[in-house]
Structure formats: C-alpha cells, structure tokens
Amino acid sequence: MDKMPRWADVVLIPLISLMLAFIASGLVVLAIGENPIQAITVMVKGALGSTSGLGYTLYYATNYMFTGLAVAVAFHARMFNIGGEGQAAIAGVGATLVILAFDWPHWALALPFAIMGAALFGGFWAAVPAYLQAKRGSHIVITTIMFNFIAAAVMGFLLNGVLKNPNTQNAETVKFPAGAHLPTAHEMLAPLGINFSKSAPLNISFLLALLCAFLVWFLLWRTRLGYSIRAFGQSEKGAKYAGISAFKIIMISMFISGALAGMLSINVVMGEQERLIKEFVEGAGFVGIAVALMGRNHPVGIILASILFGMLTQGGFELLWEMPNISKEVVLVIQGMIILFTGALDYMVRGPVEKLFLRMHKGA
Amino acid sequence: MTLMQKFLGAAATLALSAGAALADPAIIFDLGGKFDKSFNEAAFTGAKRWAEETGGNFREIELTSEAQREQALRRFAEAGYNPVVMTGFAFASSLDTVAPDFPDTKFAIIDMVVDQPNVQSVVYKEQEGSYLVGMMAAMASKSGTVGFVGGMDIPLIRKFACGYVQGVKAVNPDATVIQNMTGTTPAAWNDPVKGGELTKAQIAQGADVVYAAAGSTGLGVLQTAADENILAIGVDSNQNYLHPGHMLTSMMKRVDVAVYNAFSAGPDLKPGFNVLGLAEGGVDYAFDEYNKDLVTPEMKAAVDDAKAKIIAGEIEVHDYMSDNSCPVK
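Residues numbered from 1 in each chain as written. Chains lettered and ligands numbered in written order. Predicted model: local features only at pLDDT ≥ 70, side-chain atom pairs only at ≥ 80, totals over all residues. Heavy atoms only, no water.

## Describing the overall build of chain A
For chain A, the count of helices and strands is 15 helices and zero strands. In terms of overall dimensions, chain A is globule-like: its C-alpha atoms have a radius of gyration of 21 Å, near the 21 Å expected for 364 residues. With the principal axes as the frame, chain A shows a C-alpha extent of 70 × 60 × 40 Å. In chain A, buried positions account for 55% of the 364 residues. In chain A, of all internal contacts separated by at least 6 residues, the share reaching a separation of at least 24 is 77%. (Helix = DSSP H or I, 4+ residues; strand = E, 2+ residues; numbered from the N terminus. Rg over C-alpha atoms; globule rule 2.2 N^0.38 Å. Buried < 20%, exposed > 50% of the residue type's maximum accessible area, 1.4 Å probe, protein only. Contact = heavy atoms within 4.5 Å.)

Below, the structure written as structure tokens:
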C-alpha cells in the first residue's frame, strides 16, 4: 500500500483538523477569560439545537453549497474562480429582473425562470474572464477578483438608479410580488405534521442545492464533457493532444461555475429577502473557496463542509447572543481559525497522518 | 472600564440564565458596528448613559449578516426584552414583518418611519440644526462663499443641505453656497480622500467655510479645511475637538437622546412618530471650549435668537423631504 485508505483521507484528516481548530480557538476564548467548553457548546447547540437554529444553519449551508460547487467545477478544469462574490451579485440582478417582469401566478412557474435568469447573468459574469483567459491569457484569478469590484459598482449603480424602490432610502428594489414567494421549510413541513420554526429562512432552495450537487457529480464523473473537464485540469497538454479544445473547456466550466454561484441569489434574494439588496452575498463567494478546499472538490464533501460552515455562521450568532463578552471580532477569529486549520493547514495534518499509516502498513 | 464591562456582561448573562427577568431594554446595532465613530456609536453612548444613571441592564447585539436582522428582532422579542431599539433605516422592512407578531413588545427605529401600532419611529429635524450652522457659516465667511459636502446623494442628506442653505441666505441673501455630494453609493460615506478633494475644489472657488454631512468622508473634509486654514463644520456627534481653531461648530444630531429616552420609557414607550427637533433637544449646534474663540458674541446672539424663534414657530425651516425640493439654491 502506497496510499492511506480512503476513509482516512475523507473523514479522519478533516476531523483531526477540526479538533486542532477547536483547541486553537479554545485558547483564544480562554485568553479573554471565558469558558471555551461553554462557548463550543453554545455554538453547536445554537446551530442544531432548535428548528430555528437548524433552519438558519441550513440556510447558510445552502449558500455555501452553491458557491462551493461553483469553485469545485472550475477547479476541476484548473481554473481558480474567486469571483463567486460578483457572479452571485450579478445573478441576483438577473433573477430580480425576471421576477419583477411579470406578476407571477405561482412560485412553481416563477422559480424555473428565475433560475434561468440567475444562471445566465451569473454565467455571463464568469464567461467574460474565461474568454480573456482562453483567448488572451489574462490570468483568471486576477480577472475574476477584479470582476467582483465591477459587480459591486454595477449593483450600486442599478440599486441607486433604475431598480431603486423610490419609497425608501435604502439601496434596494421593491418587494417581489407574492406569486414569487418560495415555500419555506415551515410551509413545506407543516402538511407532514412537523412544526418547523416559522422565522427560519430555510426554503426550497436547499433542495435545489442538493440537486445541483448531484448534477455536478453526474456531470463530472458520468459524462463525456465532465471527463474532458477533468482531463484538461489534470494535464492541459495531454488534453489538447487528445483533441480537447482548451477554449471550449475553459468557457463551459467557467460558465457553469458562474451559474452555480448565481444560484445563491435564488436562496437569498428570492427565498429570504424577497427584494434585491446591495450586499446580499456577504462573503459567501469567498467562503465557497474554503468549502471546496475542505470538501476536496467533491459534491459530497462540499455538502458536508457547507453544513459545517453554516453551523459556524449560525453558531457564531448564538455565541454573540449567549456570551456578550465574546465580541463580533472574536467570533470572526474562531471562524477564521477553523477555516485556516481545515483548509489552508490541511497538509500540516496530512503529512504526519500519511506517514503514520505507511509505517503501520510496513510494520504489519 | 474593562472591569466594568466584564461586570455588566456577567450581570447580563446572569439575568438571561435566570430565565430573562424582565423588560430590560435591548439595542441592535447595524452592520457598521458599534464603534463606527458616528451613528451607531452615538446610539451606544445613549444606552450606556442610561445604564450608568439608572443602574439598569440592557442587552445589545452587533449584526454580521442581513439575514440576522429579523433573527435578532425575534430573539429579543421572544426573550421578553422591551423596548427593542434599532439604529438605521435598513431595519425598516424586517421590523415591518416582525412587529405584528409581538404586539406586546415595543420597538423603536431611528431615522425611519415604520407604521405599526407598537413601533415608535424616531426622525430628526436635521434642517433646523443645519439652518443654525448655516447662519454661523455665513457670519464667519469673509468671501461670501461657503461650501457643503454631502455623503451619499439621498433625500436625507439633501435635507441637511437645504436647511444649511436657508440658514446661510437668512444672514446673507447674496451668499453663494457650493454643494457637492461625494457619490451615489454607500461607499460615499467612507471616502475621506474624495471628501478632501471636494473641499479643495470648493476652496478654489472661494469657499472659506465648509459643512460636512458625510459620515467618515467628513473626516477628510475637516482635515483638509484645517490644512488649508479655513473653517469647517462637523456633523452628528460634536466633532469640535478634532481640529481646534478650525472647527466653527458641529451640527449635533442626538441619536443618543433618542436611545436614552426610549430606554427610560421602558415598556411604556409611546408608539407613533417621535420627531426630534431643536425644541426637543434632538438637534443643536455645538458650543464648547474648542470653538469659543471662533464664535463671536454677535454670532452666538443671532443664532440663539433664531433658535428661540424656530422653537416658537416664528421661523419655519423648510423640510426637503416634505416635497423633495428646496426653495433656495
């Protein structure tokens, strides 16, 4: 055996990383004079302990699933898409334009069209940097991050101009028509006799995210296009030699990536806010990078990592609420610590664990 | 101070774990954060003053995400906190949804009107305070040209500008007022460099007093005014101490007063409009040891006279937001 078993790669290493992260953030909590065990308990209980907490956790997880999948698809073609932030924002404009264009009779009719609007706009916003990369060699990392700023400016322009609700000072659109209201978890589960919290923003987009995860898996590992994407990512020269068009793969993978990032707007803009606001993405585009890293660019890993990050976001809020001594900034430090250990410092754990397995194998 | 905070925090945790004893008040700070040197911080000051004077406890939370607006409102209301105060107009639509679900809880929102039977909407007559500082600007100006630098171009800031111009013209009908807005996006609240550039441009056109109503952008305006040796007027908090000798005055918008009053009223907070003008001490001009050498006795007499007349209703300062237009330019 020259590799460690798969279960160690997928389960053990993330768990060890997570433990280290908890220990490190525990020290931070200790340093400000609070009980770290209590802090962790509050976070976990706050994230999973009630249907309201769970509803928020899964709502955030939905966002991270979309952006995590977006990063993963591009990454399989060795495109580092860090423009999820901007792509989601522009996709929000697409979804909003579709929703506000008609007085939708029913959400089931509005949803597919809103998805199309969001996917087209988000995909387009990723396709421009993709074209520049494929044709001009402009580095995708630079262009996608610059497109985040352009997207923010475009949003500001639109929400203070043509799309602005004239009755408010806030940069936001008018409220969406009632026909475009997506069913929330409360509304979906009530007929089954489950009383899910009414206030939690979890909505049908969660199922859409799971469906997207399945589709991404199917695309990458069960279709010819997915094979081309992965082949191109593994070896650009080899793929070209096999007759795979670099231009086509870069354009398609980035378009899909942007479209997936754009699905975030269905969850937030259509599902929760029911109006377009300026800063609705709130860093989820960047969290997606950490999610994809931690999930090892596999849909199942991404789903699990998203739920963990959702727990962190919601648990962090509960921590602010239950332990007033822990400020917003300390919560951010704890969240950052977990991201650091599970994402960037992955190899710190991987090396020793791998060695340990090899030695055990030799000894046996 | 830190010890005090710790103590207060511990007391708050205790109160909570004891099953929320209550009707303690609560305050929610907007995404800008509690210590933004401006709006949110002023609200915090009011809450702190209430706690110090009454020995009472209050709960606070700083938001980190848009989705938390409704979440925080519901959590406070469910836990029995009363009243729940929030800073800023961005809360309007969330409050509009949450308020009907908690008819026994009183809410107060600052800078915005939410029409619900258990909500107090606190709005300010910024035009009245701006009128007074406009008068002072016109009297202090030697060139007869004064400037105004606004933040984001929204009706609220035009309300500041309009009151200011009315004050200037009341003293000197021939005066010129140069008006600039920093931008049309929220970034305009936080661009001190551009604030400084606009100020330089206004100075080049002859302005020798500038009034900044632009959040953090205003700090650049005040700095440039001090560097170029002209006078500046601050906003919201008393900013006179920033550049003594160059700060003519500050137009104070007492967000802290609104929070203090709401906390003091407790569960008996009166719903409806709460319009704070000169008469209610909601807005005022700042006069302290930092600007007493710049404000001549005649100036002070004239401004205090106008203030009395506005309170008495003899002078009516036009409110830009009442008809979205300004009678003077």
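## Topic: the sheet that holds strand β8 (residues 209-213) of chain B
Two strands in a sheet stick together by hydrogen bonds in their backbones, pointing the same way (parallel) or opposite ways (antiparallel). All names here are of chain B. The mixed open sheet is built from six strands, whose spatial order is β7-β6-β8-β9-β10-β12. Strand pairing shows two members of the sheet lacking a second neighbour, β7 (176-183) and β12 (283-285), which therefore form its edges. Neighbour to neighbour, the strand axes of the sheet diverge by 15 degrees on average, direction disregarded. When strand β6 (residues 145-152) meets β8, the two strands line up parallel, connected through four bridges. Bridging from a neighbouring strand, Val149 pairs with Ala212 of β8. The strands touched by helix α6 (residues 155-171) within the sheet are β6, β7, β8, β9 (231-236) and β10 (247-253), with β6 carrying the most contacts at an inclination of about 170 degrees. (Pairing = 2+ DSSP bridges. Axes fitted to C-alpha atoms, helices over the stretch in contact; angles between N-to-C directions.)

## What to know about the confidence of the model for chain B
Residue and element names in this part refer to chain B. Overall, the predicted model of chain B reaches an average pLDDT of 88, with 93% of residues at or above 70. With pLDDT under 50 throughout, residues 1-21 is counted as low confidence; its partners more than four residues away or in other chains account for 17 contacts. Interface scoring of the predicted complex returns ipTM 0.76; its pTM is 0.82. (pLDDT = per-residue confidence, 0-100.)

## Overview of unusual backbone geometry
Residues and elements named next belong to chain B. That bond from Asn82 to Pro83 is cis: its omega, 0 degrees, falls within 30 degrees of zero. On the secondary structure map, Pro83 appears in the loop between α3 (68-78) and β3 (84-87). Although it is not a glycine, Asn229 sits at a positive phi angle of roughly 60 degrees. The residue Asn229 is located in the loop between α8 (217-227) and β9 in this model.

## Remarks on the pairing of strand β5 (residues 119-124) of chain B
Residue and element names in this part refer to chain B. β5 sits mainly inside the fold: six of its six residues count as buried. Covered by surrounding structure in β5 are Val119, Ser121 and Val123 together with Gln120, Val122 and Tyr124, the residues of both alternating faces. Here four bridges tie strand β4 (residues 107-110) to β5, and the two strands are oriented parallel to one another. Bridge pairing in β5 links Ile109 to Ser121. Inspection of the sheet shows β5 paired to strand β11 (residues 272-276) by five bridges, in the parallel sense. Within β11, the position partnered with Tyr124 by the bridge is Leu276.

## Points about the pattern of salt bridges
Residues and elements named next belong to chain B. Enumeration over the complete set of coordinates arrives at 23 salt bridges over all chains. Measuring nitrogen to oxygen at the nearest pair gives 3.0 Å for the salt bridge that ties Arg69 to Asp30. Of this pair, Arg69 sits in helix α3 while Asp30 sits in the loop between β1 (26-29) and α2 (39-54), placing them 39 residues apart in sequence. Judged by its relative accessible area of 2%, Arg69 falls in the buried class. Between Asp256 and Arg49 there is a salt bridge whose closest N-O contact spans 3.6 Å. Here Asp256 is found in helix α9 (residues 255-265), whereas its partner Arg49 is found in helix α2, with 207 residues between them in sequence. Take Arg49: its relative accessible area is 29%, and that puts it in the partly exposed class. Connected via shared salt-bridge partners are Arg49, Glu53, Arg254 and Asp256. (Salt bridge = Lys/Arg side-chain N within 4 Å of Asp/Glu carboxyl O.)

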